Amino acid sequence: MTSNKEEYLRVIYEFGGENKNVPNKLIAEELRVSPSSVTEMLLKMKAEGLIETQPYKGCQLTEAGLTACLNVIRNHRLWEVFLVQQLGYSWREAHEEAHLLEHVATPRLMDRLDDFLGNPQSCPHGFQIPQKNKMGLEGKLASLAELRKGATGIIRRITENVNLMDYLERIGFTLNEEIEIIEVSDYEGPIVFSQGEKEISISYKAAQEVFVEVG
């Protein structure tokens, strides 16, 4: 399968294409390609049994398409773990490199990489790594921006936005550590929380893209 088709599968999945139809317009906007290019590619993918389409409603992943998509996601997230843990990459660098590596590795290599890393459950940004072509159920998370003073929880995930990743690493932010909200400023001002012995101030906009398992 070409890397281009794998990117289409990823986008369809991220827009909910496992359970509902995804409009062609959304795919075109996300991939920054013309609507006609999307139509042409979806016809090819339908012929290969990767998607089903409905006129004027869009497309949805078939079981084969979902399996192929989860394989790519697994590859991506395992490479991110390896690049951060073993080679000292930043979150942003690992995300960018993994987009290239996810398309070229063989299943044998990825299985061995998974074992080498100790079969991690999530990537450095907190997203679940599919196991045996299946995505498990994820617990309900709240955005950091929803929490009030005195609330506690554990930061589990951040949005994979490259600017956000750089910003969070720069201010000393880490995942999977307990936090307590110290201050919530009025009018969408900064949010201050403690994390271990650190006290971190984060913008309201960034807090909307940080997700917490509330205590």
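Just so you know, these numbers come straight off a predicted model, no measurement behind them.

### What to know about the pairing of strand S4 (residues 152-158)
Okay, so step 1: Across three bridges, the pairing between S4 and strand S5 (residues 178-184) is antiparallel. In the strand pairing of S5, threonine 152 is matched with glutamate 180.

### A short note on the packing of helix H1 (residues 3-14) against helix H2 (residues 24-31)
Okay, so step 1: Between H1 and H2, the least distance of the axes is 10 Å, while the angle of their chain directions is 120°. Classified by the angle between their axes, H1 and H2 sit oblique to one another. As H1 packs across H2, the resulting crossing turns out to be right-handed. Residues Glu7, Tyr8, Val11 and Ile12 of H1 lie in contact with H2, whose contacting residues are Ile27, Glu30 and Leu31.
Okay, so step 2: In terms of residue class, the contact of H1 with H2 is built from five nonpolar, no polar and two charged.

### Quick notes on the packing of H1 against helix H3 (residues 35-47)
Okay, so step 1: Two numbers describe how H1 lies on H3: the axes approach to 11 Å, and their chain directions differ by 95°. On the basis of their axis angle, the class for H1 and H3 is roughly perpendicular. Along the contact surface, H1 presents Asn4, Lys5, Tyr8, Leu9 and Ile12, while H3 presents Ser37, Val38, Met41, Leu42 and Met45.

### What to know about the confidence of the model for the protein
Okay, so step 1: The predicted model of the protein has a mean per-residue pLDDT of 92, with 97% of residues at 70 or higher.
Okay, so step 2: Taken element by element, the protein is modelled with least confidence in helix H7 (residues 162-170), mean pLDDT 90, and with most confidence in helix H6 (residues 107-116), mean pLDDT 96.

### Description of the side chain of glutamate 6
Okay, so step 1: Mapped onto the fold, glutamate 6 is located in helix H1.
Okay, so step 2: No salt bridge is formed by the buried glutamate 6; its nearest oppositely charged neighbour, arginine 10, is found at 9.2 Å.
Okay, so step 3: Those residues within four positions of glutamate 6 in sequence are excluded, and the remaining contacts are Met1, Val72 and His103.

### A closer look at the sheet that holds strand S6 (residues 191-195)
Okay, so step 1: Taking strand neighbours across the sheet as the criterion, the six strands line up as S3-S8-S4-S5-S6-S7 in an open arrangement whose pairing is antiparallel. What marks the edges here is a single partner per strand, and that holds for strand S3 (142-143) and strand S7 (198-202).

### Considerations on the side chain of serine 90
Okay, so step 1: Within the secondary structure, serine 90 is located in the loop between helix H4 (63-87) and helix H5 (91-101).
Okay, so step 2: Apart from residues no more than four positions distant in its own chain, serine 90 is found in contact with Val84 and Glu169.

### Comments concerning H5
Okay, so step 1: Turning to H5, its buried residues number three or more, namely Trp91, Ala94, His95 and Ala98. All buried residues of H5 lie within an arc of 100° about the axis, which places them on one face of the element.
Okay, so step 2: Each element contacted by the buried residues of H5 is listed here: H4, S4 and H7.

### Considerations on the nonpolar core
Okay, so step 1: In terms of nonpolar packing, the biggest core is built from 22 residues, with Leu144, Ile158, Phe173, Phe193 and Ile202 touching the most fellow members.
Okay, so step 2: For this core, the elements supplying multiple residues, two or more each, are S4, H7, S5, S6, S7, helix H8 (204-207) and strand S8 (210-214).
Okay, so step 3: Top element by residues in this core is H7. It accounts for three residues.
Okay, so step 4: Not counting chain neighbours up to four residues away, the residues in contact with leucine 144 comprise Ile179, Ile181, Ile191, Phe193, Ile202, Ala207, Val210 and Val212.
Okay, so step 5: Counting residues in each nonpolar core, the second largest holds 21 residues, with Ile27, Leu61, Ala68 and Ile73 among its members.

### Observations concerning the environment of proline 130
Okay, so step 1: Of note, proline 130 is situated in the loop between H6 and S3.
Okay, so step 2: Overall, the relative accessible area of 1% leaves proline 130 in the buried class.

### A closer look at the packing of aromatic side chains
Okay, so step 1: Under the counting rule described, the total for this entry stands at four aromatic pairs.
Okay, so step 2: Consider the rings of phenylalanine 173 and phenylalanine 193, whose centres lie 6.3 Å apart with planes at 90°: the pair is edge-to-face. With phenylalanine 173 in the loop between H7 and S5 and phenylalanine 193 in strand S6, this residue pair connects regions lying 20 residues apart in the sequence. Here phenylalanine 173 matches phenylalanine 193 in class, with each residue buried.
Okay, so step 3: Taking NZ or CZ as reference, arginine 157 lies 5.2 Å from the ring centre of phenylalanine 127, over its face.
Okay, so step 4: One Lys or Arg, arginine 157, reaches over the ring of phenylalanine 211 and ends 5.5 Å from the middle of that ring.

The rules behind the values
- Residues numbered from 1 in each chain as written.
- Predicted model: local features only at pLDDT ≥ 70, side-chain atom pairs only at ≥ 80, totals over all residues.
- Heavy atoms only, no water.
- Pairing = 2+ DSSP bridges.
- Helix = DSSP H or I, 4+ residues; strand = E, 2+ residues; numbered from the N terminus.
- Axes fitted to C-alpha atoms, helices over the stretch in contact; angles between N-to-C directions.
- Parallel < 35°, antiparallel > 145°, perpendicular 65-115°, else oblique.
- Left-handed = near helix turned anticlockwise from the far one by under 90°.
- Contact = heavy atoms within 4.5 Å.
- Nonpolar A, V, L, I, M, F, W, Y, C, P; charged D, E, K, R; others polar.
- pLDDT = per-residue confidence, 0-100.
- Buried < 20%, exposed > 50% of the residue type's maximum accessible area, 1.4 Å probe, protein only.
- Lys, Arg positive; Asp, Glu negative; His and termini not counted.
- Salt bridge = Lys/Arg side-chain N within 4 Å of Asp/Glu carboxyl O.
- Arc of directions from axis to C-beta.
- Core = buried A, V, L, I, M, F, W, Y, C linked by side-chain atoms within 4.5 Å.
- Phe/Tyr/Trp six-rings, centres within 6.5 Å; stacked < 30°, edge-to-face > 60°.
- Lys NZ or Arg CZ within 6 Å of the ring centre and 35° of its normal.

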